[in-house]
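# Examining the three-dimensional arrangement
Below are the chains, spelled out letter by letter.
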Amino acid sequence: MRTRPLDLVAPALVTALLIGCGGSTPAPTAATASAAPTEAPAGRATQPEFDAAQDEGSASDAKREEAAASAPDAAPAAEAAPPPALPVAAAPVAPSPGPAQSRATKAGAAPGADARVRVTGGAPAPKKAPAPAATAVARPAAPPPAVAVTAPEPQGSETYRDYGVNPVEDPAKDRLSTFAIDVDTASYAIARRKIMDGALPPVQAVRAEEFLNYFDYGYASPATGPFAVHLAAAPSPFTSGHHLVRVAVQGKRVPVKERTPVHLVYLVDTSGSMQSPDKIELAKKSLKMLTDTLKPGDTVALCTYAGSVREVLAPTGIESKGKILAALADLTAGGSTAMSSGIDLAYSLAERTLVKGHVNRVIVLSDGDANVGPTSHDEILKTIKRARDKGITLSTVGFGQGNYKDLMMEQLANQGDGNYAYIDSEAQARRVFSEQVGGMLQVIARDVKIQVEFDPSFVKSYRLIGYENRDVADRDFRNDKVDAGEIGAGHSVTAIYDVELKATAPKGEAAAPVVVRLRHKAPLGSNTAEETLVKMAPGAVAPTFDAAPADFRFASAVAGFAEVLRHSPHARSWRLADIEKIARAAASSKGDQQEFIGIIRRAGALAHGKTNAVAVNAD
């Protein structure tokens with residue numbers, strides 16, 4: 001599911017981990033000793049309140065690259081100096097030393113100039129400034145003020161990357177929106193834990209697509225083929241005169257008895273940072289749940305990494321499940337972290353059971369707090385890519401907080417063509433490793449790209465909510481060498497656009513305001529992709545929001561919640577109380593949807609300085 005070139009991702013990981021994980025960096029000064037690495041984009045500084053004014057987020061990197069390619073002789077526009085930072089009600093903080101590392105485009109353009117870094121608060125920089133790499137941002141040392149702020153992290157620091165907010169596009173100038181499939185869900189689970197613990201999540205931690213894709217909306221399965229496309233639209237409940245357009249993809253569901261054999265390698269971080277019960281003990285319980293879902297023909301190997309790496313269990317058939325479970329039960333945490341050596345060992349174990357046509361996957365369980373040892377992060381990512389090309393994929397599962405490295409865990413899974421999940425409870429472990437495990441164990445389509453075309457005869461403007469780090473250059477939609485996302489059995493993918501329609505539009509059966517194209521490769525065999533086209537009929541637009549299907553309305557509430565939490569400049573007037581009402585009216589009886597209502601209510605209370613909100617727990 002990677003869309004960013006390898007050589008552009010690695011520097012960001014190096015910066016993030018050397019800052020947050022005790023790599024070979026100068027000793028911290030008094031001004032930086034309490035720094036917590038997060039990545040704030042130049043175009044969007046952290047705000048103290050949901051309705052604080054902001055400029056629009058930075059434009060799509062791939063779009064900017066295409067514009068540059070189409071006008072090679074154009075002189076670069078001079079960038080205006082960013083306005084001075086504004087004060088915010090929080091404890092005094094010090095900026096990170098040195099310039100922030102610049103972020104390059106997803107489509108392969110050269111990196112831009114170094115971006116400025118904000119701590120908590122501050123005025124935004126110009127819209128077109130490039131987004132930065134991970135940098136240190138100090139945490140407040142004093143108790144939080146009345147307005148909820150990011151929770152203090154006494155154990156260390158957390159690393160996130162802010163990919164910005166997609167801009168509004170004019171279809172007369174650019175009618176195509178292209179992105180790679182994403183089925184990760186970690187961002188929502190992280191935000192939920194923060195809110196339940198009494199603090200709003202960092203804006204950098206909120207990825208709207210992972211909020212949307214956390215929930216099962218009950219989309220109908222495809223009659224034939226690997227997936228079905230479901231389109232819907234209705235007037236927006238948030239912005240007068242706008243519509244929301246939903247593009248949903250539902251992967252086929254594969255019965256367990258028909259599932260392809262899987263060969264898994266559990267790579268468990270047993271370093272000292274994993275000692276707490278919500279880390280190593282929860283990781284062990286998670287792997288037990290996963291092991292219990294396996295069937296004859298599947299194999300498991302187990303290795304660990306801390307100060308050194310250890311092969312705990314050679315590849316073992318599930319027929320010897322007792323031996324596998326005993327090996328898991330014996331795991332303990334302690335020592336430093338040598339992730340690179342652990343990954344090397346995991347891949348060597350995976351190669352022993354590598355079978356063409358089977359699923360061969362390494363699953364990394366960690367808090368991401370890794371001192372990688374003698375091998376650079378660049379080399380780790382190259383190793384992952386080489387293994388992926390052989391047919392060995394990699395998924396990551398995150399645990400814990402305080403020193404959690406979201407950036408690293410997300411990017412490792414992206415490079416490994418796997419999934420990224422976060423486990424904060426046994427209930428979440430059961431959801432990922434038991435109830436929805438089919439999506440992890442059975443791939444039904446590879447390199448899935450979506451291209452949505454908006455007809456300028458119907459549409460005045462559009463904006464994709466989320467998927468900022470899954471952007472694909474429009475010209476690469478049919479370039480089958482460009483890596484994209486994978487769909488597992490039963491996976492669903494939801495994307496929502498904020499669209500402004502024109503007052504008058506063409507009539508007739510051939511008229512289609514939105515055309516969706518999907519391109520994918522078979523899970524095995526040819527690397528030539530197939531393409532599917534689906535048109536939205538003008539009559540498919542609901543006359544009112546309340547007349548839209550319940551699943552559409554609930555997804556709209558989820559998108560709205562993510563927009564508010566990440567301080568999207570397009571959501572300045574959106575209110576959590578209104579989002580809660582939408583969710584309450586549309587939610588099914590499922591535990592996660594009922595829990596979501598309580599999460600919104602608690603976030604609203606935290607935003608107003610209250611701490612006594614009661615959230616609804618999932619069943």
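This text goes with the structure placed above it.
The sections below set out a description of the structure shown in this document. (Residues numbered from 1 in each chain as written. Predicted model: local features only at pLDDT ≥ 70, side-chain atom pairs only at ≥ 80, totals over all residues. Heavy atoms only, no water.)

It is worth spelling out the pairing of strand β9 (residues 359-366) at this point. β9 sits mainly inside the fold: eight of its eight residues count as buried. Residue alternation in β9 divides its side chains into two sets, Val-359, Arg-361, Ile-363 and Leu-365 and Asn-360, Val-362, Val-364 and Ser-366, and both sets are buried. In this structure, strand β6 (residues 262-269) lies alongside β9, joined through seven bridges in parallel fashion. Across the sheet, Leu-264 pairs through a bridge with Arg-361, a residue of β9. With seven bridges connecting them, β9 and strand β10 (residues 392-399) associate as parallel partners. Paired with Ser-366 across the strands is Gly-398, a residue of β10. (Buried < 20%, exposed > 50% of the residue type's maximum accessible area, 1.4 Å probe, protein only. Helix = DSSP H or I, 4+ residues; strand = E, 2+ residues; numbered from the N terminus. Pairing = 2+ DSSP bridges.)

Empty space among the atoms can be located by rolling a probe the size of a water molecule over them. In this structure, the largest pocket occupies an estimated 1,200 Å³ of space. Residue lining of the largest pocket: 48 residues in total, with Tyr-214, Arg-431, Val-432, Glu-435 and Gln-436 positioned closest to the centre. Elements represented by at least two residues in the lining of the largest pocket include exactly α3 (186-196), β11 (420-423), α10 (426-435), α11 (438-441) and α14 (591-607). Per-class residue counts for the lining of the largest pocket are 16 nonpolar, 17 polar and 15 charged. (1 Å grid on protein atoms, 1.4 Å probe; cavity = no way out; pocket = protein on both sides within 12 Å on 5 of 7 lines; lining within 4 Å. Points joined across faces, edges and corners; volume = space filled by probe spheres on them. Nonpolar A, V, L, I, M, F, W, Y, C, P; charged D, E, K, R; others polar.)

Right, let's get into helix α9 (residues 406-415). Most of α9 sits out of view: ten of its ten residues are buried. Within the sequence span of α9, burial applies to Asp-406, Leu-407, Met-408, Met-409, Glu-410, Gln-411, Leu-412, Ala-413, Asn-414 and Gln-415. Of the residues flanking the end of α9, it is Asp-417, one or two places downstream, whose phi is positive at about 55°.

In this section: the sheet that holds strand β13 (residues 459-465). If you walk across this open sheet you meet the four strands as β4-β5-β15-β13, and the pairing is antiparallel. Only two strands of the sheet have a single neighbouring strand rather than two, namely β4 (227-235) and β13. Taken pair by pair, the neighbouring strands of this sheet meet at an average axis angle of 20°, ignoring direction. In the sheet, β4 pairs with strand β5 (residues 243-251) via nine bridges, with the strands oriented antiparallel. Pairing of Val-229 across the sheet is with Val-249, part of β5. (Axes fitted to C-alpha atoms, helices over the stretch in contact; angles between N-to-C directions.)

So, about unusual backbone geometry. Even without a glycine there, the phi angle at Asp-417 is positive, about 55°. When you line up the elements, Asp-417 lands in the loop between α9 and β11. Classification of Asp-417 as buried rests on a relative accessible area of 9%. The phi dihedral of Tyr-467 falls on the positive side, at around 65°, and the residue is not glycine. Within the secondary structure layout, Tyr-467 lies in the loop between β13 and β14 (485-488). A relative accessible area of 1% places Tyr-467 in the buried class.

So, about the pattern of salt bridges. Following the criterion strictly, the structure yields 38 salt bridges and no others. Salt-bridge contacts for Glu-410 lead to Arg-207; the nearest nitrogen and oxygen are separated by 3.9 Å. Here the residue Glu-410 occupies a position in helix α9, and Arg-207 occupies one in the loop between α3 and α4 (208-212), the gap between them amounting to 203 residues. Two residues, Glu-563 and Arg-566, come together in a salt bridge whose shortest N-O distance is 2.7 Å. Residue class for Glu-563 comes out buried when judged on its relative accessible area of 0%. Salt bridges linked by common partners bring Lys-385, Arg-388, Asp-389, Asp-417 and Asp-483 together as one network. (Salt bridge = Lys/Arg side-chain N within 4 Å of Asp/Glu carboxyl O.)

Now for the pairing of strand β12 (residues 443-454). Counting buried positions along β12 yields twelve of twelve residues, so the element is predominantly enclosed. Pairing analysis gives three bridges linking β12 to β14, with the strands arranged antiparallel. Across the sheet, the residue bridging to Ala-445 is Ile-487, located in β14. Where β12 lies against strand β16 (residues 514-521), seven bridges are found, and the strand directions are antiparallel. The residue of β16 that forms the bridge with Val-452 is Val-516.

Two quantities define a packed helix pair, namely the angle between the axes and the distance from one axis to the other. Taken N-terminus to C-terminus, the directions of helix α5 (residues 277-292) and helix α6 (residues 321-329) make an angle of 170°; their axes are 10 Å apart at the nearest point. In terms of axis orientation, α5 runs roughly antiparallel to α6. Between α5 and α6, the residues in contact are Lys-284, Leu-287, Lys-288, Thr-291 and Asp-292 and Lys-321, Ile-324, Leu-325, Leu-328 and Ala-329, respectively. Of the residues assigned to the contact of α5 with α6, the class counts are five nonpolar, one polar and four charged. (Parallel < 35°, antiparallel > 145°, perpendicular 65-115°, else oblique. Contact = heavy atoms within 4.5 Å.)

Our next topic: the sheet that holds strand β8 (residues 309-317). Here six strands make up an open sheet; going across it, the order is β8-β7-β6-β9-β10-β11 and the pairing mixed. In this open sheet, the two strands that pair with only one neighbour each are β8 and β11. Geometrically, the sheet is characterised by an average inter-axis angle of 20° between neighbouring strands, direction not taken into account. Here α6 sits on the sheet in contact with β6, β7 (299-305) and β8, set at roughly 160° to β8. In the packing of α9 onto the sheet, the strands contacted are β9, β10 and β11, and the crossing angle to β10 comes to about 160°.

Aromatic ring pairs are reported here in terms of the distance separating the ring centres and the angle at which the planes meet. All told, the structure shown has 19 aromatic pairs when counted by the stated rule. Measuring from ring centre to ring centre gives 5.0 Å for Phe-454 and Tyr-497, while their planes differ by 65°; the resulting arrangement is edge-to-face. In this pair, Phe-454 sits in strand β12 while Tyr-497 sits in strand β15 (residues 492-501), placing the two residues 43 residues apart along the sequence. The same class applies to Phe-454 and to Tyr-497, which are both buried. Ring plane angle 65° and centroid distance 6.3 Å describe the contact between Tyr-462 and Tyr-497, whose orientation is recorded as edge-to-face. Placement of the pair is Tyr-462 in strand β13 and Tyr-497 in strand β15, with a sequence separation of 35 residues. (Phe/Tyr/Trp six-rings, centres within 6.5 Å; stacked < 30°, edge-to-face > 60°.)

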